[in-house]
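Topology and contacts: notes
The primary structure of each chain is shown beneath.
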Amino acid sequence: MEEHPTTMERLALAAYSAALWAAQPLLRRKLARRARTEPGYAHAVPERFGHYAAALDSVAPPDEDAGGFVWIHAVSLGETRAAAILLKELRALLPAMRLLLTHGTATGRAEGAKLLQPGDVQVWQPWDTPGAVERFLDRFHPVIGVLMETEIWPNLVAGCGDRGIPLVLANARLNAKSRDGALRLSWLSRPAYAGLASVWAQTDADAEGLRAVGAPVRGVFGNLKFDVVPDAAALAQGRAWREASRRPVVLFASSREGEEALWIESFKQKWPLAPVDQAQGAINKGVNGSASPVQWLIVPRHPQRFDEVQRLLEEAGLRVARRSTWTDAPPEADVWLGDSLGEMALYYGMAHAALLGGSFEPLGGQNLIEAAACGCPVVMGPHTFNFAEAARLAEDEGVAQRVPGMDEGIAAATALVLDAPRQAALQQQAVAFTQRHRGAALATALAVVQTLRSTVHPLVP
């Protein structure tokens, strides 16, 4: 039986819409500030408000008989990488499909551009006002919308519902903090979750939380990211550079704000730094005459922080070699700084082990599955609530080690990479771990097709 919004829910949505309409100047200012360090935020700003350049007129929406746009929304970099895995299966099942791809961040959009084929369209996600949503849907007429992981916007859900466009949430996750927040704002969030056509959760715990906030959970498929296939050439290049390194390599993967400072403090306590003759390029030596026994590679999660992280490292007395300056193999340095996008397979290939960024501060942790798929064992801190199930599985199956803090993390990673037989065994176990948990991509793609089939759509035979 179809549920109709209550008067309170209508008033809540109206108040929310008015607040977002009033906040548009603030959004424009925020985008301008972000564009100073990430120029991508200055690109096509009118799209965020449902106004599209004339150049898009040459990419008209497909005729209804041809199938129409399959719309995927991947807000940021991680969701875009998950969308890429799903998209591969969707294109195999729906060869006539054209992709409409939307994002909220510059890194997501840059990564998403690699997924486009002739006839596909990429634009910004519309700001969630009724007007922007209406203009977006009028312009592109998607036949289905696939939201990746966590992105729920009340007006977007309502607009699709009014037009009969099935909107689904794929690879869905909901941690306890987000669930509690949604329950506190249930007068706004519950109609949005309930308005989805289907939700396919990563884990049973995610499914339970999503049901609690009103979402129609139709299946628990696992995490799409287990289906990742690392770029073979990048992985091979990384391993070649790893073999050429004088010391075993430890990667601090997707480090977040505050974590590099923790790492620097722990590093200096473990290996005190003596003054360095920069002109001669001497390697930092501790007061006891010994340098760090491992080569450190740090890859910050957000590109706008590359310069900041370099400054922090150099102010601590460490010599830094940025990936963007390498002409071939990485040069001698205390720290290699990964300042490029789309090269995580290269960085994981270079590493004998990795510290998991986002897990040493209460930030929820980054995705460890890609590291495992590349054969890179992981040492993680106490905070992994964003990927709780994947972290638990990896720890239970022995391919990830949990430590209480940065001091212990550095010690554990160093001990691991200096134990060559153990490291080699864990490398093989990590790859096998991801292979055992694959299958979510095909299951999700089949569910999308079934949703389209229920609409008797020409894309689906």
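In this report, we go over the structure that sits alongside the text. The model shown is predicted, which means the values in this text are computed figures rather than measured ones.

With that out of the way, let us pick up the sheet that holds strand S6 (residues 198–201). Across the sheet, which stays open at both edges, the 7 strands sit in the order S3-S2-S1-S4-S5-S6-S7 with parallel pairing between neighbours. Unpaired on one side and paired on the other, strand S3 (121–124) and strand S7 (217–220) mark the two borders of the sheet. Here the strands of the sheet are splayed against their neighbours by 20° on average, with no regard to which way each runs. As paired elements, strand S5 (residues 167–172) and S6 share 3 bridges and run parallel to each other. Among the inter-strand pairings, Val 168 is bridged to a residue of S6, identified as Ser 198. Packed on one face of the sheet, helix H3 (residues 77–93) meets strand S1 (69–73), strand S2 (98–103), strand S4 (144–148) and S5 and runs near 140° to S4. The sheet strands contacting helix H9 (residues 204–212) are S5, S6 and S7, and the helix crosses S7 at an angle near 170°.

The phi dihedral of Ala 44 is positive, around 50°, even though this residue is not glycine. Mapped onto the fold, Ala 44 is located in the loop between helix H2 (24–37) and S1. We note that His 141 has phi near 50°; this positive angle belongs to a residue other than glycine. Mapped onto the elements of the fold, His 141 is located in the loop between helix H5 (130–140) and S4.

Note on placement: Gly 338 falls in the loop between strand S11 (335–337) and helix H13 (344–350). The class of Gly 338 is buried, set by a relative accessible area of 0%. When sequence neighbours within four positions are dropped, the list of residues in contact with Gly 338 reads Leu 297, Ile 298, Val 299, Pro 300, Phe 306, Arg 323 and Tyr 347.

The next point concerns a positive patch on the surface. Residues Arg 29, Lys 30, Arg 33 and Arg 36 make up a contiguous surface patch of positive charge. Looking at the secondary structure, you find Arg 29 in helix H2.

All right, on to the pairing of S5 then. Counting buried residues along S5, 6 of its 6 residues qualify, which places the element largely inside the surrounding structure. One ladder, built from 4 bridges, connects S4 with S5; its direction is parallel. Its bridge partner lying in S5, Leu 147 is registered against Leu 169. For the handedness criterion, the β-α-β arrangement of S4, helix H6 (residues 154–163) and S5 is classed as right-handed.

Okay, the nonpolar core next. Where a protein is soluble and globular, its nonpolar side chains tend to be buried together. Membership of the largest hydrophobic core comes to 39 residues, with the highest contact counts inside it found for Leu 251, Tyr 348 and Leu 368. For this core, the leading source of residues is H13, giving 6 residues. When sequence neighbours within four positions are dropped, the list of residues in contact with Leu 251 reads Leu 297, Val 299, Tyr 347, Tyr 348, Ala 351, Ala 353, Ala 354 and Leu 355. Of all hydrophobic cores here, the second largest spans 31 residues; its members include Val 121, Val 133, Ala 172 and Ala 192.

Let us look at the sheet that holds strand S10 (residues 320–322). The strand order across the open sheet formed by 7 strands is S10-S11-S9-S8-S12-S13-S14, and the pairing between neighbours is parallel. Looking at the sheet topology across the chains shown, the edges are occupied by S10 and strand S14 (400–402). Geometrically, the sheet is characterised by an average inter-axis angle of 25° between neighbouring strands, direction not taken into account. Of the pairings in the sheet, the one linking strand S12 (residues 353–356) to strand S13 (residues 378–380) comprises 2 bridges and is parallel in character.

A word on the state of the cysteines. The term disulfide refers to a covalent linkage connecting the sulfur atoms of a pair of cysteines. Here the structure, examined in full by the defined rule, presents 0 disulfides. Cysteine Cys 374 is unpaired, with the sulfur of Cys 376 as its nearest cysteine sulfur at 7.8 Å. The buried category is assigned to Cys 374, whose relative accessible area is 1%. By relative accessible area, which is 1% here, Cys 376 ends up buried.

A few words on the packing of helix H11 (residues 259–270) against helix H12 (residues 306–315). In contact at an axis separation of 10 Å, H11 and H12 are set at 20° when each is read in the N-to-C sense. By the angle between their axes, H11 is roughly parallel relative to H12. The handedness of the crossing between H11 and H12 is right-handed. Judged by residue contacts, Glu 260, Trp 263 and Ile 264 of H11 engage Val 309, Leu 312 and Leu 313 from H12. Partitioned by chemical class, the residues of the contact of H11 with H12 number 5 nonpolar, no polar and 1 charged.

Conventions adopted
Residues numbered from 1 in each chain as written. Predicted model: local features only at pLDDT ≥ 70, side-chain atom pairs only at ≥ 80, totals over all residues. Heavy atoms only, no water. Pairing = 2+ DSSP bridges. Helix = DSSP H or I, 4+ residues; strand = E, 2+ residues; numbered from the N terminus. Axes fitted to C-alpha atoms, helices over the stretch in contact; angles between N-to-C directions. Contact = heavy atoms within 4.5 Å. Buried < 20%, exposed > 50% of the residue type's maximum accessible area, 1.4 Å probe, protein only. Patch = residues over 30% accessible without salt bridge, like charges linked within 9 Å, V, L, I, M, F, W, Y side chains within 5 Å. Areas by Shrake-Rupley, 256 points an atom, 1.4 Å probe, with all protein chains shown as cover. Salt bridge = Lys/Arg side-chain N within 4 Å of Asp/Glu carboxyl O. Lys, Arg positive; Asp, Glu negative; His and termini not counted. Charge placed at Lys NZ, Arg CZ, Asp CG, Glu CD. Right-handed = clockwise from strand over helix to strand, strands pointing away. Core = buried A, V, L, I, M, F, W, Y, C linked by side-chain atoms within 4.5 Å. Disulfide = S-S within 2.5 Å. Parallel < 35°, antiparallel > 145°, perpendicular 65-115°, else oblique. Left-handed = near helix turned anticlockwise from the far one by under 90°. Nonpolar A, V, L, I, M, F, W, Y, C, P; charged D, E, K, R; others polar.

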